Amino acid sequence: MSGKRLIAAALAVAILQIGFLSWIIAGRAAILRNGQEVLLKVEPVDPRDLLRGDYVVLGYEISNIPVKLIANIPEGKQSSDEQSLVVRVKKGIDGYWHPETAWLDAAPVPTGTDEVDIVGRIGPGWDLRESATTTVSPYYGIERFYLPEGEGQAIQNDMRVRPFGVKVAVTKNGKAQIKALMDGDTMLFEEPLY
């Protein structure tokens, strides 16, 4: 291969890589800029990753969905497959959004003006037999929030004594991105668009 062709091929690969990364970043920014804002109450799980720095693993009320809230479990189905779970949340009088109902794969009816659907994934093997204690734990992609170095432990300790929340931007198709970490009404950290 001649030098000019090698340079042209390398340039084409570089342009493709830059274009792909730009597409990912622009997609995330579009969610943060245009998504419906939802405030979810959080509780910490772990404040540190040795390779990535301080972070808080976040659990939400929507992190454990009672099976009795899932409206479309096929009759006789006893365990889940790898599939989507759509959780419809509604703003409560406390300012936080709470789960109202859920569906496997897709919501059969559009949301009302005061409702938002958040789409998560559940793995195979969750018990779908309805009982008072049976829950499924979907993954939404909003379970970690990275913090500046040295901030994780203090925030985790504060979360144990007073309520914290996360502002989440949600697209019309249910994809969620963390927008900001809130200490009551005070915004502690906001995610940059880019």
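None of the values given here were measured: they were computed from a predicted structure. (Residues numbered from 1 in each chain as written. Predicted model: local features only at pLDDT ≥ 70, side-chain atom pairs only at ≥ 80, totals over all residues. Heavy atoms only, no water.)

## Brief notes about the overall build of the chain
Thinking step 1. Within the chain one finds 2 helices and 12 strands.
Thinking step 2. Ordered by position from the N terminus, the helices and strands of the chain form the series α-β-β-β-β-β-β-β-β-β-α-β-β-β.
Thinking step 3. For the chain, the C-alpha atoms occupy an extent of roughly 70 × 45 × 35 Å along the three principal directions.
Thinking step 4. Taking the contacts inside the chain whose residues are at least 6 apart along the sequence as the reference set, 64% of them involve residues at least 24 apart.
Thinking step 5. For the chain, the accessible surface area stands at approximately 11,500 Å², while carbon and sulfur atoms represent 56% of it.
Thinking step 6. Averaging the positions of the 21 positive and the 25 negative side-chain charges in the chain gives two centres separated by 8 Å. (Helix = DSSP H or I, 4+ residues; strand = E, 2+ residues; numbered from the N terminus. Contact = heavy atoms within 4.5 Å. Areas by Shrake-Rupley, 256 points an atom, 1.4 Å probe, with all protein chains shown as cover. Lys, Arg positive; Asp, Glu negative; His and termini not counted. Charge placed at Lys NZ, Arg CZ, Asp CG, Glu CD.)

## Considerations on the packing of aromatic side chains
Thinking step 1. Applying the stated criterion across every chain yields a total of 1 aromatic pair.
Thinking step 2. A centroid spacing of 5.9 Å and a plane angle of 35° characterise the contact between Phe 20 and Trp 23, whose relative ring orientation is tilted. Here Trp 23 and Phe 20 lie together in helix α1 (residues 3-34), a separation of 3 residues that amounts to about one turn.
Thinking step 3. Taking relative accessible area as the criterion, Phe 20 reaches 47% and is therefore assigned partly exposed.
Thinking step 4. Overall, the relative accessible area of 61% leaves Trp 23 in the exposed class. (Phe/Tyr/Trp six-rings, centres within 6.5 Å; stacked < 30°, edge-to-face > 60°. Buried < 20%, exposed > 50% of the residue type's maximum accessible area, 1.4 Å probe, protein only.)

## Section: the pattern of salt bridges
Charged atoms that come close allow side chains of opposite charge to pair.
Thinking step 1. Within the structure shown, the criterion is met by 10 salt bridges.
Thinking step 2. Put simply, Glu 37 and Lys 179 hold a salt bridge, and the shortest N to O gap is 3.0 Å. Highlighted residues: Glu 37 in strand β1 (residues 36-44) and Lys 179 in strand β11 (residues 176-183), separated in sequence by 142 residues.
Thinking step 3. One connected set of salt bridges, linked through shared partners, spans Glu 37, Lys 167 and Lys 179. (Salt bridge = Lys/Arg side-chain N within 4 Å of Asp/Glu carboxyl O.)

## Topic: the nonpolar core
Thinking step 1. Core analysis: the largest hydrophobic core is formed by 38 residues, its most contacted members being Leu 58, Tyr 60, Ile 62, Ile 65 and Leu 85.
Thinking step 2. Sorting the residues of this core by element identifies β1, β3 (53-60), β5 (83-91), β6 (97-104), β7 (115-122), α2 (152-159), β10 (164-170) and β11 as the ones contributing at least two each.
Thinking step 3. Considering every element that reaches this core, the biggest residue donor is β11, with 5 residues. (Core = buried A, V, L, I, M, F, W, Y, C linked by side-chain atoms within 4.5 Å.)

## Quick word on a nonpolar patch on the surface
Thinking step 1. A contiguous nonpolar surface patch, about 550 Å² in accessible area, is contributed by Phe 20, Leu 21, Trp 23, Ile 24 and Ile 25.
Thinking step 2. Residue position: Leu 21 is located in helix α1.
Thinking step 3. On the basis of relative accessibility, which here comes to 52%, the residue Leu 21 falls in the exposed class. (Patch = residues over 30% accessible without salt bridge, like charges linked within 9 Å, V, L, I, M, F, W, Y side chains within 5 Å.)

## What to know about the sheet that holds β6
Thinking step 1. Taken in spatial order, the 3 strands of this open sheet run β6-β5-β7, and their pairing is antiparallel. Sheet topology places β6 and β7 at the edges, where each strand pairs with a single neighbour. Strand-to-strand, the axes of this sheet are offset by a mean angle of 30°, without reference to chain direction.
Thinking step 2. In terms of strand pairing, β5 meets β6 through 7 bridges, oriented antiparallel. Bridge pairing in β6 places Val 86 opposite Trp 103. (Pairing = 2+ DSSP bridges. Axes fitted to C-alpha atoms, helices over the stretch in contact; angles between N-to-C directions.)

## As for the side chain of Asp 183
Thinking step 1. Among the secondary structure elements, Asp 183 is positioned in strand β11.
Thinking step 2. Setting aside chain neighbours within four positions, we find Asp 183 in contact with Arg 162, Pro 163, Phe 164 and Leu 188.

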